[in-house]
Amino acid sequence: MTGMGKIGDAIRDRVKAEADQILEEARAKAGQEIEQAKKQYQARAEDEKNSMLQHAREEAIRIEAQAKVQARQELSRAKADVINDIIDRVKKDLEATSGNETSVENLLREALNSASTGKMKVYLSPKDAKLARKLLDRDKELASQIVEIREFDFRGGVIVEDKEGKIRIDNSYETRLEMLLPRMLPEIGRELFPINWS
């Protein structure tokens, strides 16, 4: 081999060595980039997975909270239905009480004593008006406080009013019940639904 041949071989060997080194570096760099891309993909996939899990957890919490609210609303409606049914029964019982002479007398005296101003007009249910007229026939002192008896369409009890209509005392069953209910409903609720009444 001649000197030129040796130089050519040396250049080729050197170029080949440099090419092999460049190729090796490129392979190593490509391997690193592939490894980095894999890690980024795994990190993104893990982030998306965590995000989806978090969203699923939040959705489950929202659904559970909504179900609890709906359950409470249904329970409240059921409780209200029971209480309304009881109130309706009480009103029917009061209507049946109408026609009781002792009750009419007591309510009438109580209303007249509260008014304590001259002669009064008295409003009663048709059934109670008949009893009141009989009562006034027997009790002249009570009759002296009353100007007239009028029949009025309500469940029972007594409403008295002065002649001018300025003073009115409502001692009807409905009014008495309306006054009692706000005080009694919490107690009724605790009795009927002892756990978590609110």
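About the thresholds
Residues numbered from 1 in each chain as written. Predicted model: local features only at pLDDT ≥ 70, side-chain atom pairs only at ≥ 80, totals over all residues. Heavy atoms only, no water. Helix = DSSP H or I, 4+ residues; strand = E, 2+ residues; numbered from the N terminus. Rg over C-alpha atoms; globule rule 2.2 N^0.38 Å. Buried < 20%, exposed > 50% of the residue type's maximum accessible area, 1.4 Å probe, protein only. Contact = heavy atoms within 4.5 Å. Areas by Shrake-Rupley, 256 points an atom, 1.4 Å probe, with all protein chains shown as cover. Lys, Arg positive; Asp, Glu negative; His and termini not counted. Charge placed at Lys NZ, Arg CZ, Asp CG, Glu CD. Pairing = 2+ DSSP bridges. Axes fitted to C-alpha atoms, helices over the stretch in contact; angles between N-to-C directions. Phe/Tyr/Trp six-rings, centres within 6.5 Å; stacked < 30°, edge-to-face > 60°. Core = buried A, V, L, I, M, F, W, Y, C linked by side-chain atoms within 4.5 Å. Salt bridge = Lys/Arg side-chain N within 4 Å of Asp/Glu carboxyl O.

## Overview of the overall build of the protein chain
Counting its secondary structure elements, the protein chain contains five helices and four strands. Written out in order from the N terminus, the α and β elements of the protein chain read α-α-β-α-α-β-β-β-α. Relative to a compact globule of 198 residues, whose C-alpha radius of gyration would be 16 Å, the protein chain shows 47 Å and is clearly more extended. A total of 198 residues make up the protein chain; the buried ones form 23% of that total. Put simply, of all contacts in the protein chain between residues at least 6 apart along the chain, 71% involve residues at least 24 apart. Looking at the protein chain as shown, the accessible area adds up to about 14600 Å², and 54% of this sits on carbon and sulfur atoms. If you average the places of the 36 positive and of the 38 negative side-chain charges in the protein chain, the two averages end up 0 Å apart.

## With respect to the sheet that holds strand β2 (residues 146-151)
Here we have four strands laid out as an open sheet, ordered β2-β1-β3-β4, and mixed in their pairing. The open sheet has two edge strands, β2 and β4 (168-172), and neither has a second partner. In this sheet, adjacent strand axes meet at a mean angle of 20° when their direction is disregarded. Strands in contact with helix α3 (residues 126-138) are β1 (120-124), β2 and β3 (157-162); relative to β2, the strand with the most contacts, it is inclined by about 155°.

## Quick notes on the pairing of β4
Summarising the sheet, β3 and β4 pair through five bridges and their orientation is antiparallel. Each bridged residue has a counterpart across the sheet, and for Val-158 the counterpart in β4 is Asn-171. Once β3 ends, the chain turns through five residues before running back antiparallel as β4, passing Gly-165 with a positive phi of about 80°.

## Looking at the packing of aromatic side chains
Summed over all chains, the structure comprises two aromatic pairs. Considering the side-chain rings of Tyr-123 and Phe-152, the 5.8 Å spacing of their centres and the 70° angle between planes classify their relative orientation as edge-to-face. Taken as a pair, Tyr-123 in strand β1 and Phe-152 in the loop between β2 and β3 lie far apart in primary sequence, 29 residues in all. By relative accessible area, Tyr-123 is classed as buried at 9%.

## Focus on the nonpolar core
Of all hydrophobic cores here, the largest spans 27 residues; its most connected members are Leu-108, Val-122, Leu-124, Ile-149, Val-158 and Val-160. For this core, the secondary-structure elements that each account for two or more residues are α1 (3-97), α2 (101-115), β1, α3, β2, β3 and α5 (173-192). Of all the elements, α2 adds the most residues to this core, at six residues. Once residues lying within four places of it in the same chain are set aside, the contact partners of Val-158 are Val-104, Leu-107, Leu-108, Ala-111, Val-122, Tyr-123, Leu-124, Ile-169, Asp-170, Asn-171 and Ser-172.

## Comments concerning the pattern of salt bridges
Summed over the entire model, instances satisfying the criterion amount to 11 salt bridges. Residues Arg-62 and Glu-59 are paired through a salt bridge, measuring 2.5 Å at the closest nitrogen-oxygen approach. One end of the pair is Arg-62 and the other is Glu-59, both in helix α1 and three residues apart, which spans about a single turn. Here Arg-62 falls in the partly exposed class, since its relative accessible area comes to 41%. Judged by relative accessible area, which is 29%, Glu-59 ranks as partly exposed. Across the salt bridge formed by Glu-64 and Lys-68, the nearest N and O atoms sit 3.6 Å from each other.

## A few points about the environment of Val-104
As for its placement among the helices and strands, Val-104 is situated in helix α2. C-alpha of Val-104 to C-alpha of Leu-124: the two residues are 20 residues apart in sequence and 8.8 Å apart in space. The contact partners of Val-104, leaving out residues within four places of it in the chain, are Leu-124, Asp-128, Leu-131, Ala-132 and Val-158.

## A look at the environment of Glu-35
Summarising the element assignment, Glu-35 is placed in helix α1. Along the primary structure Glu-35 and Pro-186 are separated by 151 residues, whereas in three dimensions their C-alpha atoms are 70 Å apart.

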